[in-house]
Amino acid sequence: MSYYDSVEVSASGLSAERLAMDVIANNIANANTTRTPQGGAFKRQLVIFAQKAAAPSGSDQVGASGDDDPFAPPDPFDPQNSNPAQVEGVQVLGIENDQSPDRLQFDPTNPEADARGYVHYPNVEIVKEMVDLMAASRAYQANVAAITASQNMGASSLSILKS
Amino acid sequence: MADFSILPLGEATTVMGDAIKGAKLEHDQIANNIANVNTPGFKTSSVDFRSALQASLGEPADPDALPLTTDDDRQFALDAATPVPYDPKAIVDDTTTMRVDQSNVDIDQQMALLSDNTSYQQTVSQLLQEQYKFFREAATEQPT
């Protein structure tokens, strides 16, 4: 238990927000991509954030609870297993596709047009991406501020030695 | 907040150590809240270590309440808080909701708490430093 714990928590926030910014940048870069390896137009991607569940305090006592499978890890999402005193930060569960329909544009002479003459463009809205980018960037800054505060607290604790 | 001046010298350092420990726990929770600012459904948690510290000193929770004095052993001391061991716990605040995704992280509030907590920890560290200066003066008989 040290000040590095909280720095690690903030660092998990930094990497999660950075990944979110990477994905947003990818969405903006592919805003007009009509071909992907999966076929069809590019799909807007979203990052799924989740609270990183802390290992419960009694997890080292294997089989002590008398469960069916004594070696089964405790379910981190069971509220009974979460100890709020132990903080682990944030994690990215995955990157999912936005399921909203493609943006259709009538352009029959375009080589990418379908049988009805529509071109399928990605469901990426630049304005929405910009707003998300701003939110992720501000969250990144908040985590940096938290790390700076950790450093200041550690430094002032160390200064007790210098009296 | 605990009044350090009324405590004996050695006890004051213990209380201040507990205060710094509590500020550290609170800082962990605030850092976690800030890291999860964009997590859907996240609920903030905090450590009310100041109340725990007060309870560990056996002080009444309401500082404005007049203490009832006793002048005989046979009288009952009303509301005399008995000291409880110092063990601050994190409490999840799931009573409020701030956003559509059920999260209740208010980033402005968390940044204010962060700055408040950091200042508190630095103040107590400074006070503790002064206490050790007293010890040193007493041990070396030389004012620093």
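All residue numbers here refer to positions counted from 1 along the written sequence of the relevant chain. Naming scheme: in the order in which they are written, chains are lettered from A and ligands are numbered from 1. For this predicted model, a pLDDT threshold of at least 70 governs which residues receive local features, and a threshold of 80 or more governs which side-chain atom pairs are given and counted, while totals over whole chains, interfaces and linings are taken from all residues.

Asker: Describe the overall build of chain A, and please don't skip the residues or the numbers.
Answerer: Secondary structure is summarised from DSSP: a helix means a run of H or I of at least four residues, a strand means a run of E of at least two, and numbering begins at the N terminus for each. Tallying secondary structure elements over chain A gives 2 helices and 4 strands in all. The secondary structure elements of chain A, listed N-terminal to C-terminal, are α-β-β-β-β-α. Scored against the burial criterion, the 163 residues of chain A give a buried share of 23%. Residue pairs are scored as contacts if the distance between their C-beta atoms, which are placed from the backbone, is within 7 Å. Within chain A, contacts between residues separated by at least 24 positions form 72% of all contacts whose residues are at least 6 apart in sequence. The exposure label follows from counting other C-beta atoms within 10 Å of a residue's C-beta, where the C-beta atoms are placed from the backbone and the thresholds are 20 or more for buried and 12 or fewer for exposed, leaving partly exposed in between.

Asker: Any details on helix α2 (residues 126-158) of chain A? Residues and values, ideally.
Answerer: Expected span of a helix, by definition, is 1.5 Å for each gap between consecutive residues, and there is one gap fewer than residues. For α2(A), built from 33 residues, the straight-helix expectation of 48 Å at 1.5 Å per residue is met to within 8% by its first-to-last C-alpha distance of 48 Å. Taken together, the buried positions of α2(A) are occupied by Asp132(A), Ala136(A), Ala139(A), Ala142(A), Asn143(A), Ala146(A), Ile147(A), Ala149(A), Ser150(A), Met153(A) and Ser156(A).

Asker: Give me the lowdown on the nonpolar core, citing residues and values where you can.
Answerer: A set of buried residues drawn from Ala, Val, Leu, Ile, Met, Phe, Trp, Tyr and Cys, joined through C-beta atoms within 7 Å, is what defines a nonpolar core. Core analysis: the biggest nonpolar cluster contains 25 residues, and Ala20(A), Ala146(A), Ala31(B) and Ile34(B) have the highest contact counts within it. At the level of secondary structure, the elements contributing two or more residues to this core comprise α1 (3-29), β1 (45-51) and α2 of chain A together with α1 (9-35) of chain B. If one sorts the elements of this core by residue count, α2(A) sits on top with 7 residues. Beyond its immediate stretch of four places on either side in the chain, Ala31(B) contacts Ser6(A), Val9(A), Ser10(A), Ala146(A) and Ser150(A). One finds Leu25(B), Phe49(B), Leu53(B) and Leu128(B) within the second-largest nonpolar core, a separate group that totals 12 residues.

Asker: Outline the interface of chain A and chain B, supporting the account with residue identities and numerical values.
Answerer: Contact with chain A, which involves 29 residues of that partner, is made by 30 residues of chain B. At the level of secondary structure, the elements contributing two or more residues to the side of chain A that touches chain B comprise α1, β1 and α2 of chain A. Put simply, Ala, Val, Leu, Ile, Met, Phe, Trp, Tyr, Cys and Pro go in the nonpolar bin, Asp, Glu, Lys and Arg in the charged bin, and everything else, Gly too, in the polar bin. When grouped by side-chain class, the residues that make up the side of chain A that touches chain B number 15 nonpolar, 13 polar and 1 charged.

Asker: Explain unusual backbone geometry to me, and be specific about the residues and the numbers.
Answerer: The phi angle of most residues is negative, glycine excepted, and most peptide bonds adopt the trans form. All names here are of chain B. Phi is positive for Gln-102, which is not a glycine, with a value near 70°. Structurally, Gln-102 can be placed in the loop between β2 (90-92) and α3 (107-140). A count of 12 C-beta atoms within 10 Å places Gln-102 in the exposed class.

Asker: Lay out the packing of α1(A) against α2(A) with the relevant residues and their values.
Answerer: Residues and elements named next belong to chain A. Axis geometry follows a simple rule: fit a line to the C-alpha atoms, using only the stretch in contact for helices, then measure angles between N-to-C directions, giving values from 0 to 180 degrees. Two elements in contact, α1 and α2, have axes whose closest approach is 9 Å; the angle formed by their N-to-C orientations is 165°. It follows that α1 is roughly antiparallel to α2 by the angle criterion. Our pair here, α1 against α2, has a crossing hand that is left-handed. Tallied by class, residues from the contact of α1 with α2 come to 15 nonpolar, 8 polar and 4 charged. Should an angle fall under 35 degrees it is taken as roughly parallel, and over 145 as roughly antiparallel, whereas 65 to 115 is taken as roughly perpendicular and any remaining angle as oblique. Two helices cross in a left-handed way if the nearer one is turned anticlockwise from the farther one by less than a right angle. They cross in a right-handed way if the turn is clockwise.

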